[in-house]
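Residue-level listing of the chains:
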Number of protein chains: 2
Amino acid sequence: MMNGRLYGVGVGPGDPELLTLKAARILRRAAVVAYPTGEDGGAMALGIADPHLAAGVLRLPLPLAFDPQASNEAAYDGAAAAITAHLEAGRDVAVLCLGDPFMYGSFLYLFARLAGRVEIEVIPGISSLTACAALAGRPLAARGDSLVVVPATRREDDLMRLLFATEAAAIIKVGRHLAKVRRALDRLGLTEQAVCVERAGLDGQRVVPMNELTEDSVSYFAMILVHRRGRAWS
Amino acid sequence: MMNGRLYGVGVGPGDPELLTLKAARILRRAAVVAYPTGEDGGAMALGIADPHLAAGVLRLPLPLAFDPQASNEAAYDGAAAAITAHLEAGRDVAVLCLGDPFMYGSFLYLFARLAGRVEIEVIPGISSLTACAALAGRPLAARGDSLVVVPATRREDDLMRLLFATEAAAIIKVGRHLAKVRRALDRLGLTEQAVCVERAGLDGQRVVPMNELTEDSVSYFAMILVHRRGRAWS
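Residues numbered from 1 in each chain as written. Chains lettered and ligands numbered in written order. Predicted model: local features only at pLDDT ≥ 70, side-chain atom pairs only at ≥ 80, totals over all residues. Heavy atoms only, no water.

## Here's the deal with the overall build of chain A
In plain terms, the rule: Secondary structure elements are defined from DSSP: runs of H or I of at least 4 residues count as helices, runs of E of at least 2 residues count as strands, and each element is numbered from the N terminus. Each radius of gyration is computed over the set of C-alpha atoms, and the globule rule expresses the reference value as 2.2 Å times the number of residues to the power 0.38. By the convention used here, residues are in contact when the closest approach between their heavy atoms is within 4.5 Å.
Per the secondary structure count, chain A includes seven helices and ten strands. Here the C-alpha atoms of chain A give a radius of gyration of 19 Å, agreeing with the 17 Å that 2.2 N^0.38 yields for 234 residues. Projected onto the principal axes, the alpha-carbon positions of chain A cover approximately 60 × 35 × 35 Å. At a minimum sequence separation of 6, the contacts of chain A that also span at least 24 residues come to 71%.

Have a look at this one:
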């Protein structure tokens, strides 16, 4: 019997309509649909995929850590083994990935374990990067601009160095790191040009200019967009 | 009469299936569909959108420059005026954007002219960034990685500085700048970790490791992906 194929399916950032036609087709045909549990995004990804799944589909929960800094080797090994068993039984497996599978997602740790051993196809998804920019009405980059994407978990001097080196930046996973990011922006005189986009496409979504944001922390699903000139076009 | 609404619709990087459900819905309902001409991407964008357009849709060509470095003020002013006339007549206008409207697209110059004056909604699209990574089977970034997107039009020392400052990079619009990019990668010892993705999702697509690429130039629709560790997960 032929082995099944593993699909890493980007389902977009939260809005169910930001699924691609290709992702919808793959989901309709998959025998097994796997999704991470133990993280906010897993349930959300399943909700987006659900209307497209075949009646007889097998739902496979993968208990994976939410904290991207945490070590979770055993859980990833177990998830990879569970997926492999289905593939070896000839069943295609679609792993749901919020946003895009290859941008900061937990799918990367499954890919690391399975690439080269099983057939894998990655279906790109709308990333929170472009979704947040669209919601905020803030172009990301134009012409020769460099654009850096950097997690807010980085040290303050790292953030400052990267903000200084580029024309445009998206600081992701802001959460409890807001005060640090705010200091970095202030020191570089970029606060006026920065905007915070929280929970784009989800309940409670909002866009707040950084100079009006008074909280000490925001959602983990928050991103700060900044452009040196205040706008991406010249 | 109510004015129409302007949609900047990302149609993805070339594969017609990488259109989102939302873009398909907007395209079905638009009275006018505008697309840039005079650039390779415009015809491609229209081809992707075409199966979704209503029977009576008005197709509005916008003569815009292909070279993102070129000044083309009069053409953009004219395109903005043509769009505004339709909006004022109460017709919704969808402007087709290859990839994502807010990442390096010509839509930015229309947005610059019309934002604040007409109602605008941006529908994010799959960018060539995630599409190229998916095709190459190369994760972009994980955990705390910083990821820079930079056009190959930048000077060699700019490219080196940005490659040195980040864990991961996507060098876009490579075209005739290949030799310069190759030198920058060589000098930083990153050639082994770099891959060139040409025309992802289009005829003639290919993925070539940089140490096997012998040409002096590649397509304008080529991107070089590089990660310091050779892979995005630790």
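## So, the interface of chain B and chain A
Rule in force here: Two parts placed together each lose some accessible area under a 1.4 Å probe, and the buried area is that loss summed for both. Should a side-chain nitrogen of Lys or Arg be within 4 Å of a carboxyl oxygen of Asp or Glu, the pair is scored as a salt bridge. In protein, a polar contact means a hydrogen-donor-capable atom and an acceptor-capable atom, both N or O and within 3.5 Å, with residues adjacent in sequence counting only if both atoms are side-chain atoms; elsewhere, any N or O pair within 3.5 Å suffices. Between any two strands, pairing holds if DSSP finds at least two bridges.
At the interface, 55 residues of chain B touch 55 residues of chain A. In terms of surface lost to chain A, no three residues of chain B exceed Glu17, Leu21 and Arg143 of chain B, which account for 17% of the buried area on that side. Between chain B and chain A we count six salt bridges in total. Taking the shortest distance from any N to any O, the salt bridge between Asp15 of chain B and Lys22 of chain A comes out at 3.0 Å. Counting every contact that joins chain B to chain A gives 30 residue pairs in polar contact (both at pLDDT 80 or more). Among the elements of the structure, α1 (21–29), α4 (107–114), α5 (128–136), β6 (147–151) and α6 (156–165) of chain B are those that each provide at least two residues to the side of chain B that touches chain A. The sheet contact formed by strand β6 (residues 147–151) of chain A and β6 of chain B spans three bridges and is antiparallel. Within β6 of chain B, the residue paired with Leu147 of chain A across the bridge is Val149 of chain B.

## Brief notes about the relation of the copies chain B and chain A
Between the two copies of the chain lies a relationship made up of a rotation around an axis and a movement along it. Stated precisely, the cut-off is as follows: Copy-to-copy superposition: least squares on the C-alpha atoms, limited to residues that have pLDDT of at least 70 in both copies.
It takes a turn of 180° to lay chain B on chain A, together with a shift of 0.0 Å along the axis; the resulting RMSD is 0.0 Å. The superposition operator between the copies reduces to a two-fold rotation axis. Interface overlap between copies: 100% of the residues of chain B at the interface are likewise at the interface in chain A, consistent with a symmetric, same-surface contact.

## Quick look at unusual backbone geometry
In the Ramachandran plot, Lys173 of chain A falls in the positive-phi region, its phi being about 55° despite a non-glycine side chain. Relative to the elements of secondary structure, Lys173 of chain A occurs in the loop between β7 (168–172) and α7 (178–187). We note that Arg143 of chain B has phi near 45°; this positive angle belongs to a residue other than glycine. Examined against the element boundaries, Arg143 of chain B turns out to sit in the loop between α5 and β6.

## Digging into the sheet that holds strand β5 (residues 120–123) of chain B
Residue and element names in this part refer to chain B. As a reminder, the rule being used: To obtain each axis, a line is fitted to C-alpha atoms, and for helices this fit is confined to the stretch in contact; angles are then taken between N-to-C directions over 0 to 180 degrees.
As summarised here, the arrangement of the five strands in space is β3-β2-β4-β1-β5, forming an open sheet in which the pairing is parallel. Looking at strand neighbours, the two that pair on one side only are β3 (58–63) and β5, the edges of this open sheet. This sheet shows a mean twist of 25° between the axes of neighbouring strands, independent of strand direction. Judged from the four bridges that link them, strand β1 (residues 6–10) and β5 form a sheet pairing that is parallel. What sits directly across from Gly8, in β5, is Val122. Along the sheet face, α4 touches β1, β3, β4 (93–97) and β5 and points at about 160° away from the line of β5.

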